Amino acid sequence: MDLDFEKHSKRRKTTHEDGPQTTGMELLPREIARDILSRLPITSLVKFKCVCRAWRAMALDPQVVNLYSSCSTQDADPCVILHSDFPIRNNLYFVDFAADDEEKDKVKRLQAPFSSRMPEFEVVGSCNGLLCLADSLYNDSLYIYNPFTGGYKELPKSLQYPDQEVVFGFGFNPETNEYKAAPCGEVSAKCHTGLFVGHRKPSLMGRLHWVSRPCRNKPARRLVSFDLTDEQFREVPKPDCGGLNRCDYHLAVLGGCLSVAVYCNYRRLEIWVMKEYNEKGSWVKEYKIGAYMPKGLKQNLDRPLKIWKNASNRRVVRALCILKNGEILLEYKNRVLVSYDPKKGKFKDIDLQGTPNWFQAVVHVGSLNWIDTPPPSESRGHGSGSSPYVS
């Protein structure tokens, strides 16, 4: 069912056309209003900007957008984007863990404005409120997309690898204040390390990261970074865990630190965290997570015919992020979200209304960051706009 934002906007339309109204929010000093808006969950901010033109202008104030992005990155729980991959058309869903209790228990479906042109896609990455999506059907299109404004930008097609599968990484260059979708096909060719197709490349400190594929002359895997500023490749010191020489690991950014989750015997997970970036001595075995079977995995479901390139049948659990309360958010077998309390050693299944049967979870910090292409509501000339998602 469509959310009530659009209906609410239509009911007030005649009032807006008769003349502007003043609400208490506009009477507040700008600094106070900006501070209030910067503390709202992204779902509440989307509702706020859909009320009327004046509130929309306040929410899209560049100072509010920048302040919101910095505050949400540091203090709030993130959103989680759920990418559901079906043979005919892909769907994006999300849950806002920073929302109130009623809202954060519901999964909502996003309405990508370019879905008819790109029915099948992969999520390359998330950075500062923007998603990078790549066409997985024809390996042709690449979009940068803000799911909470509906704004998007199609990037120019790559002509460098016309007959090859190109793998991308997505990150932010703090030196130039630019976002970059780097073709990692070029990366693997230049640094002669290779990479695993479909593995997401964590972005941190203006660099993309991955573990190299072993080759004949260099069988040991290396932790490699690609600097988005000078476009140079550098080796990053890896932890002394031994697990990187096997396939059973994944990289993540946990608590703002580069982390390696290594799969051990009996479905256990060890998480190593680099406390000081690029310092080998700062690697610490921070978490040990024991075996766990979520209730949602006890039900047998037919897996979709098309298997995600990112997925691995041997991996049971994947670490996503650390929540504000210190618990670790985990994804089990592309089907269930679970929180783990490292102090108590307890697991908790996260039951969400509307969760798709199969998904890949992507940690996403919601924002109203702008992209060149305006949101659909702006291009139609509507004052308050409608919600970019449905419940």
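The model shown is predicted, which means the values in this text are computed figures rather than measured ones. (Residues numbered from 1 in each chain as written. Predicted model: local features only at pLDDT ≥ 70, side-chain atom pairs only at ≥ 80, totals over all residues. Heavy atoms only, no water.)

K.L.:
How would you summarise the pattern of salt bridges if you had to cite specific residues and measurements?
P.N.:
According to the stated counting rule, one finds 11 salt bridges in the structure shown. Here Arg34 ties to Asp61 by a salt bridge, and the two come within 3.2 Å at their closest N and O atoms. Placement of Arg34 in helix 4 (residues 30-38) and of Asp61 in the loop between helix 6 (53-59) and helix 7 (62-75) is noted, with a sequence separation of 27 residues between them. Between Glu270 and Lys285 there is a salt bridge, with its nearest N and O atoms 3.6 Å apart. Linking Glu270 in strand 16 (residues 269-274) with Lys285 in strand 17 (residues 283-289), this pair joins segments that are 15 residues apart in sequence. Judged by its relative accessible area of 35%, Lys285 falls in the partly exposed class. Three or more residues are tied together by salt bridges with common partners; here these are Arg207, Asp227, Asp230 and Arg234. (Salt bridge = Lys/Arg side-chain N within 4 Å of Asp/Glu carboxyl O. Helix = DSSP H or I, 4+ residues; strand = E, 2+ residues; numbered from the N terminus. Buried < 20%, exposed > 50% of the residue type's maximum accessible area, 1.4 Å probe, protein only.)

K.L.:
I'd love a proper account of the packing of aromatic side chains, names of residues and values included.
P.N.:
Tallied over the full model, the rule gives 12 aromatic pairs. Between Phe170 and Tyr179, the ring centres sit 6.1 Å apart and the planes meet at 20°, which makes this aromatic pair stacked. The exposure class of Phe170 is buried, given its relative accessible area of 2%. Under the relative-accessibility criterion, Tyr179 is labelled partly exposed at 31%. (Phe/Tyr/Trp six-rings, centres within 6.5 Å; stacked < 30°, edge-to-face > 60°.)

K.L.:
Requested: an account of the sheet that holds strand 21 (residues 346-350), with residues and values cited.
P.N.:
Taking strand neighbours across the sheet as the criterion, the four strands line up as 18-19-20-21 in an open arrangement whose pairing is antiparallel. In this open sheet, the two edge strands, each paired with only one partner strand, are strand 18 (317-322) and strand 21. When the angles between neighbouring strand axes are averaged without regard to direction, this sheet yields 30°. Of the strand pairs in this sheet, strand 20 (residues 336-341) and strand 21 are connected by five bridges, and their pairing is antiparallel. Along strand 21, the bridge assignment pairs Ser339 with Lys348. (Pairing = 2+ DSSP bridges. Axes fitted to C-alpha atoms, helices over the stretch in contact; angles between N-to-C directions.)

K.L.:
Could you give an account of a negative patch on the surface, with specific residues and numbers?
P.N.:
Taken together, Asp100, Glu102, Asp105 and Asp351 make up a surface patch of like negative charges. Looking at where Asp105 falls in the secondary structure, it is placed in the loop between helix 8 (101-104) and strand 3 (108-110). (Patch = residues over 30% accessible without salt bridge, like charges linked within 9 Å, V, L, I, M, F, W, Y side chains within 5 Å. Areas by Shrake-Rupley, 256 points an atom, 1.4 Å probe, with all protein chains shown as cover. Lys, Arg positive; Asp, Glu negative; His and termini not counted. Charge placed at Lys NZ, Arg CZ, Asp CG, Glu CD.)

K.L.:
Explain the sheet that holds strand 11 (residues 207-211) to me, using residue names and the numbers behind them.
P.N.:
Within the open sheet, the four strands sit side by side as 10-11-12-13. Their pairing is antiparallel. Here the strands that pair on one side only, and so sit at the sheet edges, are strand 10 (203-204) and strand 13 (233-236). Bridge analysis of strand 12 (residues 223-227) against strand 13 gives four bridges, and the strand direction is antiparallel. Bridging from a neighbouring strand, Ser225 pairs with Arg234 of strand 13.

K.L.:
Describe the side chain of Asn334, listing the residues and the values that go with them.
P.N.:
Looking at the element boundaries, Asn334 is found in the loop between strand 19 (328-332) and strand 20. For Asn334, the side chain forms a polar contact with the side chain of Glu331, separated by 3.1 Å. (Polar contact = N/O pair within 3.5 Å; in protein donor to acceptor, adjacent residues only side chain to side chain.)

K.L.:
Residues and numbers for the environment of Ala134, please.
P.N.:
Mapped onto the elements, Ala134 comes out in strand 5 (residues 130-135). Look at Ala134 and you get buried, because its relative accessible area is 11%. In sequence terms Ala134 and Val123 are 11 residues apart; their C-alpha atoms lie 6.5 Å from each other. Every residue in contact with Ala134, bar those within four places of it in the chain, is listed here: Met118, Glu120, Phe121, Glu122, Val124, Ser141 and Leu142. (Contact = heavy atoms within 4.5 Å.)

K.L.:
Break down a nonpolar patch on the surface for me, citing the residues and quoting the values.
P.N.:
Taken together, the side chains of Leu28, Ile32 and Ile36 make up a nonpolar region of the molecular surface, amounting to roughly 220 Å² of accessible area. As for its placement among the helices and strands, Ile36 is situated in helix 4.

K.L.:
Would you mind going over unusual backbone geometry in detail, with residue names and values included?
P.N.:
Of note in the backbone geometry, Tyr266 takes a positive phi value of approximately 60° without being a glycine. Positive phi, close to 50°, is recorded for Lys333, a residue that is not glycine. Assignment of secondary structure puts Lys333 in the loop between strand 19 and strand 20. The class of Lys333 is partly exposed, set by a relative accessible area of 27%.

K.L.:
Go over the nonpolar core with me, naming the residues and quoting the values.
P.N.:
If you look at the biggest cluster of nonpolar residues, it comprises 35 residues, and the most contacted ones within it are Ile42, Leu92, Phe114, Leu133 and Tyr145. With four residues, the top contributor of residues to this core is helix 5 (residues 42-49). The residues touching Leu92, leaving out its near neighbours within four places in the chain, are Ile81, Leu82, His83, Lys108, Arg109, Leu110, Phe121, Val123, Leu131, Leu133 and Tyr145. The next biggest cluster of nonpolar side chains, apart from the first, holds 20 residues, and it includes Ala252, Ile271, Leu297 and Ala319. (Core = buried A, V, L, I, M, F, W, Y, C linked by side-chain atoms within 4.5 Å.)

K.L.:
Which residues make up the confidence of the model for the protein, and what are the values?
P.N.:
Looking at the protein as a whole, its pLDDT mean stands at 78, while 75% of the residues score no less than 70. Every residue in residues 1-19 scores below 50 in pLDDT, and together they form 21 contacts with partners more than four places removed in sequence or on other chains. Within the model, the stretch residues 185-192 combines pLDDT values under 50 with 14 contacts to residues more than four positions away or in other chains. (pLDDT = per-residue confidence, 0-100.)

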